[in-house]
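Structural description and commentary
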Amino acid sequence: MLILEPIFEADLPPEQYGYRKDRSALDAVRRVHQLVNTGIARSLTPICLPTLNEVPHAELLQSLRRRIVDGAMLHLLKMWLEAPVEEIDDRGHRHRSTRNRDEGKGTPQGSPISPLFSNLYMRRFVLGWKQLGYDERLEARIVSYADDFVICCGHGAEQALMAARQIMAKLKLTINETKTRVCRLPEESFDFLGYSIGRCYSTKTGKAYLGTTPSKKRVQRICREISEATRLQCTQQDAQAVVKMINRKLSGWSNYFCLGPVSKAYRAIDQHTTRRLRRWLSAKHKVRAGRIRRYSDDILSCRIWLD
């Protein structure tokens, strides 16, 4: 990976943001937001591939041979692609699968080389889109992150979606139709990389604008994780350790969800966390229901109770 990534990085188009140095999911969200607010995108087509486990080996190796002439390196990469996978079921039994080798498709999930494989194959789609002229004819710009991407269209969104299906079929990939749709802005909104992009309202003026907010699904997900961490069955755990774990979760969440108006989402998560932690502490220390306010917001925030 250290040897090959710089070589292929020079070839990757700017539309791809996943697994690249100095690029991130937040950059991809910012790019979509920019296209939306400059008026280029009047309709969008959020598209999701079910999995990049469907990448055909023959075509992927062809992409690798463009830059690699070392036979030993190509053989090593082919071994990566065909490596068997070992899984453990619910009963603890180990199962060894040779699906990738038998079917001639798929990338080794979790390996350090898989992100490069994914980017190389998605590059084919982006280049094909441009070479066929869809980016200019439909004013359709692609923003891609791993197997999620958005086509921002000036017009002809249905035509863009049909073209994407055709190109993907030629690449032997399948679009996840349950997560693929045409979205009309500003009447509708859509989710991309954890953010909802659509109509927002200014808290000061009340005026509408197109912006980004943390999606409801991501807010609900972090709340479920907090609830799981503060289950009443886990009151034997050390309180300080639980708080540190919750703080790590909240810190990571807020570091990512920092674009656009976030106060509403933050407030909902903060209230949920406070409520769950107060309930957990009361159960741990056997505080009667009437005295649950012993753990006030100020005390929880200052963590005096940890002393």
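Structure: see above.
Reading the values: the criteria
- Residues numbered from 1 in each chain as written.
- Predicted model: local features only at pLDDT ≥ 70, side-chain atom pairs only at ≥ 80, totals over all residues.
- Heavy atoms only, no water.
- Helix = DSSP H or I, 4+ residues; strand = E, 2+ residues; numbered from the N terminus.
- Contact = heavy atoms within 4.5 Å.
- Areas by Shrake-Rupley, 256 points an atom, 1.4 Å probe, with all protein chains shown as cover.
- Lys, Arg positive; Asp, Glu negative; His and termini not counted.
- Charge placed at Lys NZ, Arg CZ, Asp CG, Glu CD.
- Axes fitted to C-alpha atoms, helices over the stretch in contact; angles between N-to-C directions.
- Parallel < 35°, antiparallel > 145°, perpendicular 65-115°, else oblique.
- Nonpolar A, V, L, I, M, F, W, Y, C, P; charged D, E, K, R; others polar.
- Buried < 20%, exposed > 50% of the residue type's maximum accessible area, 1.4 Å probe, protein only.
- Salt bridge = Lys/Arg side-chain N within 4 Å of Asp/Glu carboxyl O.
- Pairing = 2+ DSSP bridges.
- Phe/Tyr/Trp six-rings, centres within 6.5 Å; stacked < 30°, edge-to-face > 60°.
- Patch = residues over 30% accessible without salt bridge, like charges linked within 9 Å, V, L, I, M, F, W, Y side chains within 5 Å.
- Polar contact = N/O pair within 3.5 Å; in protein donor to acceptor, adjacent residues only side chain to side chain.

1. As for the overall build of the protein
- Counting its regular elements, the protein contains 12 helices and nine strands.
- Considered along the principal axes of its C-alpha atoms, the protein spans approximately 70 × 55 × 30 Å.
- Within the protein, contacts between residues separated by at least 24 positions form 65% of all contacts whose residues are at least 6 apart in sequence.
- Here the protein has roughly 17,400 Å² of accessible surface; of this, 50% comes from carbon and sulfur atoms.
- Taken as two groups, the 52 positive and 33 negative side-chain charges of the protein have centres that lie 6 Å from each other.

2. A closer look at the packing of helix H3 (residues 57-65) against helix H6 (residues 114-131)
- Interhelical geometry of H3 versus H6 gives an angle of 95° and a closest axis separation of 10 Å. In terms of their interaxial angle, H3 and H6 are classed as roughly perpendicular. Across the interface between the two elements, Glu59, Leu60, Gln62, Ser63 and Leu64 from H3 touch Phe117, Leu120, Tyr121 and Arg124 from H6.
- When the residues that make up the contact of H3 with H6 are grouped by side-chain class, the tally is five nonpolar, two polar and two charged.

3. Quick word on the side chain of Asp135
- Along the chain, Asp135 turns up in helix H7 (residues 134-137).
- Of the side chains bearing the opposite charge, Arg141 lies closest to the buried Asp135, which forms no salt bridge; the N-O distance is 5.2 Å.
- Those residues in contact with Asp135, other than ones at most four positions away along the chain, are Trp129, Lys130, Ala140 and Arg141.

4. Some thoughts on the environment of Ala25
- Tracing the backbone shows Ala25 in helix H2 (residues 25-37).
- A relative accessible area of 11% places Ala25 in the buried class.

5. Considerations on the pairing of strand E8 (residues 195-201)
- With five of its seven residues buried, E8 lies for the most part within the structure.
- In this structure, strand E7 (residues 190-192) lies alongside E8, joined through three bridges in antiparallel fashion. Residue pairing across strands places Phe192 opposite Tyr195, the latter belonging to E8.
- With seven bridges joining them, E8 and strand E9 (residues 208-214) adopt antiparallel strand pairing. When the sheet's bridge partners are listed, Gly198 is paired in E9 with Gly211.

6. Details of the packing of aromatic side chains
- Scanning the model with the defined rule gives nine aromatic pairs in all.
- With a centroid separation of 4.9 Å and 40° between ring planes, the pair formed by Trp129 and Tyr134 is classed as tilted. Across the pair, Tyr134 and Trp129 agree in class, each one buried.
- Taken together, the ring pairs in this structure connect Tyr195, Trp253, Tyr256, Phe257 and Tyr266 into an aromatic cluster.

7. A look at the environment of Arg123
- Topologically, Arg123 is positioned in helix H6.
- Relative accessible area serves as the criterion here: at 15%, Arg123 is assigned to the buried category.
- With 35 residues separating them along the chain, Arg123 and Ile88 place their C-alpha atoms 34 Å apart.

8. Some thoughts on a nonpolar patch on the surface
- Where nonpolar side chains cluster on the molecular surface, the patch consists of Leu2, Ile3 and Ile7 and spans about 340 Å² of accessible area.
- Take Leu2: its relative accessible area is 80%, and that puts it in the exposed class.

9. As for the sheet that holds E8
- Here we have three strands laid out as an open sheet, ordered E7-E8-E9, and antiparallel in their pairing. Of all the strands in the sheet, the pair left with one neighbour each is E7 and E9. Strand-to-strand twist in this sheet, taken as the mean axis angle between neighbours without regard to direction, amounts to 40°.

10. Quick word on the pattern of salt bridges
- A complete count under the given rule lists 13 salt bridges for this structure.
- Here Arg20 ties to Glu9 by a salt bridge, and the two come within 2.7 Å at their closest N and O atoms. With Arg20 in the loop between helix H1 (4-9) and H2 and Glu9 in helix H1, this residue pair connects regions lying 11 residues apart in the sequence.
- We classify Glu9 as partly exposed; its relative accessible area is 27%.
- Arg184 is paired through a salt bridge with Glu158; the nearest N and O atoms lie 2.3 Å apart. One end of the pair, Arg184, is in strand E6 (residues 183-184); the other, Glu158, is in helix H8 (residues 157-170), and 26 residues separate them in sequence.
- Look at Glu158 and you get partly exposed, because its relative accessible area is 45%.
- One connected set of salt bridges, linked through shared partners, spans Asp11, Arg66 and Arg67.

11. Remarks on the environment of Lys172
- With respect to the element layout, Lys172 can be found in the loop between H8 and E6.
- Along the chain, Lys172 and Pro56 lie 116 residues apart, while their C-alpha atoms are 7.0 Å from each other.
- When sequence neighbours within four positions are dropped, the list of residues in contact with Lys172 reads Glu54, Pro56 and Glu59.
- Among the polar contacts listed, one links the side chain of Lys172 to the side chain of Glu59, at a separation of 3.0 Å.

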